[in-house]
Amino acid sequence: MSETDNGNQPSISVLAQYVKDFSFENPHAPMSLQPRQNPPQINVSVNVGARPLSQTDIEVTLSAEARAGTENDVLFHAEISYAGIFRVQNVPAEQLQPLVMIECPRLLFPFVRQIVADATRDGGFPPLLLDPIDFVALYQQNLQHAQAAN
């Protein structure tokens, strides 16, 4: 019997995905919607978290925050925590963390991007299209921070 016949192939399945938390603030509307001489500064930050739910199921949360304007003049502020439940089977232990922290958020990202774009558009601004994220680099950066903290 081959490995493909006995079900021992590594696999990942998306069981569910959902918004855990979402906020969009337009604190100075309608004044913030008036034309501006210069485009606003937009700062975006992204983070990934994971927690096991069972032997095979893991909740992965992709969090993003976008703030437009200056510290004293915020045009808009959006925050989202978007999660998925992933069933991971037959993945070697040494490959599990990179898989969960790189591939799972990569699958969630297009949904986060669309929600943020829709919210900024619905808030009266041009849609904010988040740039693609290098989740490999983010994972390596988080590993370095964790190692430095120890």
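This text goes with the structure placed above it.
Scope of this entry: the structure provided in the associated data block. Quantities reported herein were computed from a predicted structural model and do not represent experimental measurements.

Another point: the sheet that holds strand E1 (residues 11-25). Pairing in this open sheet of 4 strands is antiparallel, and the strands run E1-E4-E3-E2 from one edge to the other. Only two strands of the sheet have a single partner each, and these edge strands are E1 and strand E2 (42-52). Direction aside, neighbouring strands of the sheet carry axes that sit 15 degrees apart on average. Here E1 pairs with strand E4 (residues 74-89) via 13 bridges, running antiparallel. Along E4, the bridge assignment pairs Ser23 with Glu79. In the packing of helix H1 (residues 93-122) onto the sheet, contacts are made with E1, E2, strand E3 (57-69) and E4, and the angle to E4 comes to roughly 140 degrees.

Of all 13 residues that make up E3, 10 are buried, and the element is covered over most of its length. Across 11 bridges, the pairing between E2 and E3 is antiparallel. If you follow Pro52 over to E3, its bridge partner there is Ile58. Turn length for the E2-E3 hairpin, with the two strands adjacent in sequence and antiparallel, is 4 residues. Direction of pairing for E3 relative to E4: antiparallel, over a ladder of 13 bridges. Within the sheet, the bridge partner assigned to Glu59 lies in E4 and is Ile85. Taken together, E3 and the strand that follows it, E4, pair antiparallel across an intervening segment of 4 residues.

About the thresholds
- Residues numbered from 1 in each chain as written.
- Predicted model: local features only at pLDDT ≥ 70, side-chain atom pairs only at ≥ 80, totals over all residues.
- Heavy atoms only, no water.
- Pairing = 2+ DSSP bridges.
- Helix = DSSP H or I, 4+ residues; strand = E, 2+ residues; numbered from the N terminus.
- Axes fitted to C-alpha atoms, helices over the stretch in contact; angles between N-to-C directions.
- Contact = heavy atoms within 4.5 Å.
- Buried < 20%, exposed > 50% of the residue type's maximum accessible area, 1.4 Å probe, protein only.

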